[in-house]
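Analysis of the macromolecular model
Here are the chains, one letter per residue:
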Amino acid sequence: MASSASQATLRTTSFLKTPSLSLSSRQSLTSAFSVTLRQSRRAVKPLVVLVKATAGSLDAKPTVLVAEKLGEAGLKLLKEFANVDCAYNLTPEELCTKISLCDAIIVRSGTKVSREVFESSGGRLKVVGRAGVGIDNVDLAAATEHGCLVVNAPTANTVAAAEHGIALLAAMARNVAQADASVKAGKWQRNKYVGVSLVGKTLAVMGFGKVGSEVARRAKGLGMHVISHDPYAPADRARAIGVELVSFDQAISTADFISLHMPLTPATSKVLNDETFAKMKKGVRIVNVARGGVIDEDALVRALDAGIVAQAALDVFTKEPPPADNKLVQHENVTATPHLGASTMEAQEGVAIEIAEAVVGALKGELAATAVNAPMVPAEVLMELKPYVELAEKLGRLAVQLVAGGSGVKTVKVTYASARAPDDLDTRLLRAMITKGIIEPISSVFVNLVNADFTAKQRGLRISEERIVLDGSPESPLDFIQVQIANVESKFASAISDSGEIKVEGRVKDGIPHLTRVGSFEVDVSLEGNIILCRQVDQPGMIGRVGSILGEENVNVSFMSVGRIAPRKQAVMAIGVDDEPSKETLKKIGEVSAIEEFVFLKL
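Residues numbered from 1 in each chain as written. Predicted model: local features only at pLDDT ≥ 70, side-chain atom pairs only at ≥ 80, totals over all residues. Heavy atoms only, no water.

Residue P321 is bonded to the preceding E320 through a cis peptide linkage, with omega at -10 degrees. Position of P321 relative to the elements: it lies in the loop between β13 (309-314) and α12 (327-330). In this model, H339 sits at a positive phi of 55 degrees, which is unusual for a non-glycine residue. A relative accessible area of 38% means that H339 is categorised as partly exposed. Even without glycine at this site, N554 takes up a positive phi of about 60 degrees. Tracing the chain through its elements places N554 in the loop between α17 (542-552) and β22 (557-564). For N554, a relative accessible area of 67% translates into the label exposed. (Helix = DSSP H or I, 4+ residues; strand = E, 2+ residues; numbered from the N terminus. Buried < 20%, exposed > 50% of the residue type's maximum accessible area, 1.4 Å probe, protein only.)

In structure tokens, the structure reads:
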């Protein structure tokens, strides 16, 4: 809190959304957010520009280009509203030529919607529909710059992927693929293909999202004991189906079977590697229907050869299709399928309907809950809020990384301190960026102003907002932003405030976001690069000792700041570093006798 500013009296009101900002006209959602502020007397100007197609005249139908095969049910929905042009296997040049006549395009994974496509559309293209989950083939930045909404179909594949995971689990346990090949080769090797039972075995579901939770339900029906690791999943949702949430190390070290259902993010890339395989029970069996990159494939081959991993069943690979001589695919203890997780007739029809509904809704001017790119924001608003938008996201990222595993994040409180009247400061974009910072590091979901409320509600995350109205000049939009996460344990005990929540606070100084408070400790460090937080006994030479350790390892320090309770008492040192220190370097810091705890945080 700014000590020089007086605080206005606050009263709680419900947070009202304008009708134009509803997430879906087909679905009534209870807001995942509340806000503390004075009731606004003026209508809030929407930050979102809705994309309503106007093809030629008011009565003309929009044109939708379907560039890859789509189920008949989806095509039927599209044709009721738009002119549908099905043109498959277009070259990039042909697509750029045709796109100027289209208001929307629907693709799968085989068609690249590049910047050149958006530029060639001449501003007419308003919606890109991705029939599936991944959007790697769509240039999201270019879509946003050209005012084009991108929507996907993330839910229709859930059951199909879960069923395929269970199919691989059972087939692996009973050597179905190997025995089938043996019989077809004229052999009858009953003793060679003795399997293992699933009943009573422990299955670790790594990632308790849509697919992971469905796999857990089915595994419980097979008589398995199911545990799960997911740093975000609410414990009560897991308990409702008889699943215990545990730490990552506990999950992999106690499981007989491991089923992967985590997104591929920088944090999960090659999360199963030599180090993690070494912690597993000898003879563990692994199923992956998520993303190939979450496993270090060379390390898995070594673990199979060493007998640490008895078998693996894989539907996804780092490179698809894998090379013909891929050692993992050719391994006798590996069952492999060619990315069939979503390949059922029902799932394909479901995807077609889901994406058709999203595209039609967007063309009507509705905002789909499955939008994956940022909406258009007035330039003057974005320019003023830009450094605060960055601050908001980074505070969210810091806060969630301070949470220890267990119950999951459920309750977040955001406090904005400003000299502006509440109706002169629209915080929806800031709140969306805090949600983005909290959710994206541990999820494959893209969060923005369009889908923030929906995404938070879907994950059981409730965000409340409080505004502190300060005396002074309203020239600057905000004095500080504070993020608190309640009812969780912290990896860094000093981040817990006197009231028991994880608390981080930041300000914008000279256009640069700064971290200014951690728990009860005041610090001042630029939110650039990465941060090391250390709680220490306040004594001379500590900055020099830690700086020397980082310097010896060629880690560049950008900022250092120390906040303390009193001289010679406890202090928190915040260190900004350009690069991620090695584990050995962090270990050396932890071995400094005066340092009581420390944590490394990625921005």
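That was the structure; now back to the text.
The next thing to look at is helix α15 (residues 428-439). With twelve residues, α15 extends 16 Å from end C-alpha to end C-alpha; this agrees with the ideal 16 Å at 1.5 Å per step. Of all twelve residues that make up α15, twelve are buried, and the element is covered over most of its length. Along α15, the residues classified as buried are R428, L429, L430, R431, A432, M433, I434, T435, K436, G437, I438 and I439. (Expected span 1.5 Å × (residues − 1).)

Turning to the nonpolar core, a few remarks are in order. By size, the foremost hydrophobic cluster in this structure holds 52 residues, and its most contacted members are L402, V412, L461, I481, L515 and L533. The leading source of residues in this core is helix α14 (residues 379-401), at nine residues. Mapped onto the domain boundaries, this core takes at least three residues apiece from domain 3 (378-519) and domain 4 (528-602). Not counting chain neighbours up to four residues away, the residues in contact with L533 comprise L402, F492, V518, M573, A574, E597, F598, V599 and L601. (Core = buried A, V, L, I, M, F, W, Y, C linked by side-chain atoms within 4.5 Å. Domains from an automatic or database assignment. Contact = heavy atoms within 4.5 Å.)

Here we come to the sheet that holds strand β14 (residues 334-336). In spatial order, the strands read β10-β9-β8-β11-β12-β13-β14; together these seven strands make up an open sheet with parallel pairing. What marks the edges here is a single partner per strand, and that holds for β10 (244-245) and β14. In this sheet, strand β12 (residues 284-288) lies alongside strand β11 (residues 257-260) in parallel orientation, the contact comprising four bridges. Its bridge partner being in β12, L260 is matched across the sheet by N288. Sheet contacts for helix α11 (residues 297-306): β12, β13 and β14; angle to β13, the most-contacted strand, approximately 140 degrees. (Pairing = 2+ DSSP bridges. Axes fitted to C-alpha atoms, helices over the stretch in contact; angles between N-to-C directions.)

Inspection of every chain in the model, using the stated rule, returns 25 salt bridges. Put simply, R397 and E440 hold a salt bridge, and the shortest N to O gap is 3.8 Å. In this pair, R397 sits in helix α14 while E440 sits in the loop between α15 and α16 (452-458), placing the two residues 43 residues apart along the sequence. Among the charged side chains, a network of salt bridges with common partners joins E393, R397, K436 and E440. (Salt bridge = Lys/Arg side-chain N within 4 Å of Asp/Glu carboxyl O.)

Attention now goes to the side chain of S494. Locating S494 in the fold gives a position in the loop between β17 (480-486) and β18 (502-509). Residue classification places S494 among the buried residues on the basis of a relative accessible area of 6%. Within polar-contact distance, the side chain of S494 engages the side chain of R535 at 3.5 Å. Discounting chain neighbours no more than four positions away, the residues touching S494 are V518, G519, S520, F521, R535, V572 and E597. (Polar contact = N/O pair within 3.5 Å; in protein donor to acceptor, adjacent residues only side chain to side chain.)

With that settled, the discussion passes to the sheet that holds strand β7 (residues 149-152). In spatial order, the strands read β4-β3-β5-β6-β7; together these five strands make up an open sheet with parallel pairing. On the outer flanks of this sheet lie β4 (83-86) and β7, each paired with one strand and no other. Neighbour-to-neighbour, the strand axes of the sheet open up by a mean angle of 20 degrees, direction not taken into account. Taken together, the four bridges between strand β3 (residues 63-66) and β4 define a ladder with parallel strand orientation. Bridging from a neighbouring strand, L65 pairs with D85 of β4. In this fold helix α1 (residues 72-79) packs onto β3, β4 and β5 (104-107), with an angle of close to 140 degrees to the strand it touches most, β4. Contacting β3, β5, β6 (127-130) and β7, helix α13 (residues 345-363) runs over the sheet at an angle of about 170 degrees to β6.

So, on to the environment of I468. Mapping I468 onto the fold places it in strand β16 (residues 462-469). Look at I468 and you get buried, because its relative accessible area is 4%. Between the C-alpha atoms of I468 and T415, which are 53 residues apart in sequence, the distance is 7.2 Å.

This part covers the pairing of β3. Remark: a regular strand shows side chains that alternate across the two faces of the sheet. Side chains T63 and L65 of β3 all project onto a buried face; the interleaved residues V64 and V66 project onto the opposite face, where all are buried too. For the segment spanning β3, α1 and β4, crossover handedness is right-handed. With three bridges connecting them, β3 and β5 associate as parallel partners. Within β5, the residue paired with V64 across the bridge is A104. (Right-handed = clockwise from strand over helix to strand, strands pointing away.)

Turning next to α1. Of the positions making up α1, those classed as buried are G74, L75 and L78. Within α1, the buried residues cover an arc of 100 degrees as seen down the axis, which keeps them to one side. More than 90 degrees from the buried face of α1, the exposed residues found are E72 and K76. (Arc of directions from axis to C-beta.)

This part takes up the packing of α1 against α13. At a minimum axis distance of 7 Å, the contact between α1 and α13 shows a crossing angle of 20 degrees. Considering their axes alone, α1 and α13 lie roughly parallel with respect to each other. Crossing hand, α1 versus α13: right-handed. Along the contact surface, α1 presents E72, A73, G74, L77 and L78, while α13 presents E349, A352, I353, A356, E357, V359 and V360. (Parallel < 35°, antiparallel > 145°, perpendicular 65-115°, else oblique. Left-handed = near helix turned anticlockwise from the far one by under 90°.)

Another point: the environment of G110. Along the polypeptide, G110 turns up in the loop between β5 and α3 (115-120). G110 sits in the exposed class, given a relative accessible area of 60%. For the pair formed by G110 and E68, sequence separation is 42 residues and the distance between their alpha carbons is 7.7 Å.

Put simply, helix α5 (residues 158-173) and helix α7 (residues 210-221) touch, their axes get as near as 8 Å, and they point 50 degrees apart. As far as their axial angle goes, α7 and α5 are oblique. The handedness of the crossing between α5 and α7 comes out as right-handed. Contacts between α5 and α7 involve T158, V159, A161, A162, E163 and I166 from the former and K210, V211, E214, V215, R218 and A219 from the latter. Its residues assigned to classes, the contact of α5 with α7 comprises seven nonpolar, one polar and four charged. (Nonpolar A, V, L, I, M, F, W, Y, C, P; charged D, E, K, R; others polar.)

For strand β15 (residues 411-418), a buried count of six out of eight residues is recorded, marking the element as mostly surrounded by other parts of the structure. Bridge count for β15 against β16 is eight bridges, and the pairing is parallel. When the sheet's bridge partners are listed, T411 is paired in β16 with R462. The sheet contact formed by β15 and β17 spans seven bridges and is antiparallel. For Y416, the partnering residue across the bridge sits in β17 and is I481.

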